[in-house]
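Fold and contact review
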Amino acid sequence: MAGLKPADVVTFGESMVLLQPMSEGPLAYAPLFTRSIAGAESNVAIGLSRLGLSVRWISRLGADPFGDLIASTLAGEGIDVTLVERDPAYPTAVYFKEFKGYGDPNVYYYRKGSAASRLAPEHVKPRWFENARHLHVTGITPALGPETADAVRTAMTEAHKQGLTVSFDPNLRRKLWSEEEARRTLLSLVPLCDIFLPGLEEAEFLAGEMTVEQYGAHFLGLGAKAVVLKLGEQGSVGFTPLAAVRAQPHKVSRVVDTVGAGDAFAAGFLSSWLNNESDDDERNLLAALERANLLGALATQYRGDWEGLPKLAEVQRLQSGGRETTR
Ligand code: KDG
């Protein structure tokens, strides 16, 4: 078997076809839709790839046209999809958004019994981590099927065994499982990660009400080596055993669609953190948080989960305050 292309980041999870109504209002009365794809891990993969990192995305897709669409879209974004498996017995999942015209969009999943929900520990192969530096996983995958939590646990353990670092975004999706099961499972995965990336609401869901500093200490105490808390409009804050750094939010002129903002944040953070050139945790955290805040803010200003993610040159221009030549 030929060797795999080196990957800065490996990620795996479910991607679905996404149907978004072209109008605002109740989904029941939406007559026209645009079709795209989405999935937390593939959103991060696209963000990282556009920022110049090499990325391997792994999943199980149905042997159906929607599976073709997902694989070819991600390959078109420069992502290595060589290890994706196609399952003739189970379909590729679909999800819909509903834009109310205020607040977060509602989402409706059609993913029970999908090909990715059949992911089991025996599918996780040492080869997944060959020639790679880092694994990124989210708390969506463990919620999908009977064995997906064990598959995530196996992958995190195997990645460490092979010398990779691991990041974990809890990505709490209450529609997918009970609160009790979510809390128990997500907490059990925290000690297996190096970088833990919760939002404030997720931190509270997992650990109860605390101050931001107490959350940092709490999750470091569970075994994470770095804790990065997303504070929404308040920016973000990062903790390692040696540093605690807060980064100011990037200005948002108009919120259009908040779905995918956490994934953009993760891509921004990892793209900087994994390319650290200094030993100074404070400096590294600040640089990574600033880029993460920028990407998260940009992601709220376009429709779709990943389409508007910026390329590296655009990020550099925005961060240096350079002018854009638009015409
Ligand atoms: O973070 C954005 C994701 O939630 C979205 O792309 C779809 O993966 C998805 C999910 O499970 O909600």
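Up top is the structure.
Source: prediction; values computed, not measured.

Procedures and definitions
Residues numbered from 1 in each chain as written. Predicted model: local features only at pLDDT ≥ 70, side-chain atom pairs only at ≥ 80, totals over all residues. Heavy atoms only, no water. Near = heavy atom within 4 Å. Polar contact = N/O pair within 3.5 Å; in protein donor to acceptor, adjacent residues only side chain to side chain. Areas by Shrake-Rupley, 256 points an atom, 1.4 Å probe, with all protein chains shown as cover. Nonpolar A, V, L, I, M, F, W, Y, C, P; charged D, E, K, R; others polar. Pairing = 2+ DSSP bridges. Helix = DSSP H or I, 4+ residues; strand = E, 2+ residues; numbered from the N terminus. Axes fitted to C-alpha atoms, helices over the stretch in contact; angles between N-to-C directions. Contact = heavy atoms within 4.5 Å. Salt bridge = Lys/Arg side-chain N within 4 Å of Asp/Glu carboxyl O. Buried < 20%, exposed > 50% of the residue type's maximum accessible area, 1.4 Å probe, protein only.

Neighbouring residues of the ligand: 14 residues in total, closest Tyr109, Arg111, Arg173, Asp263 and Asp305. One of the side-chain N or O atoms of Arg173 is found 2.9 Å from an oxygen atom in the ligand. Interatomic distance of 2.7 Å between a side-chain N/O atom of Asp263 and an oxygen atom of the ligand. Computed on the free molecule, the ligand has an accessible area of 310 Å², of which 96% lies beneath the protein chains in the complex. Broken down by class, the residue content of the shell around the ligand amounts to seven nonpolar, three polar and four charged.

With that settled, the discussion passes to the sheet that holds strand S3 (residues 33–38). Two orientations exist for strands paired in a sheet by backbone hydrogen bonds: parallel and antiparallel. Taken in spatial order, the four strands make up an open sheet running S3-S2-S7-S8, and their pairing is mixed. Two strands in the sheet have a free side with no partner beyond their single neighbour: S3 and strand S8 (106–110). Averaged over all pairs of adjacent strands, the angle between strand axes in this sheet comes to 25°, irrespective of strand direction. The pairing of strand S7 (residues 94–98) with S8 spans five bridges and is classified as antiparallel. Within S8, the residue paired with Glu98 across the bridge is Asn106. Lying on the sheet, helix H2 (residues 65–76) is in contact with strand S2 (16–21), S3 and S7; it crosses S3 at an angle near 65°.

Scanning the model with the defined rule gives 17 salt bridges in all. One salt bridge in this structure joins Asp8 and Arg133, with 3.0 Å as the shortest N-O distance. Taken together, the residues span a long stretch of sequence, with Asp8 in strand S1 (residues 7–12) and Arg133 in strand S9 (residues 132–138) at a distance of 125 residues. Classification of Asp8 by relative accessible area gives buried; the value is 17%. Residue Arg133 is classed as partly exposed on the basis of its relative accessible area, which comes to 36%.

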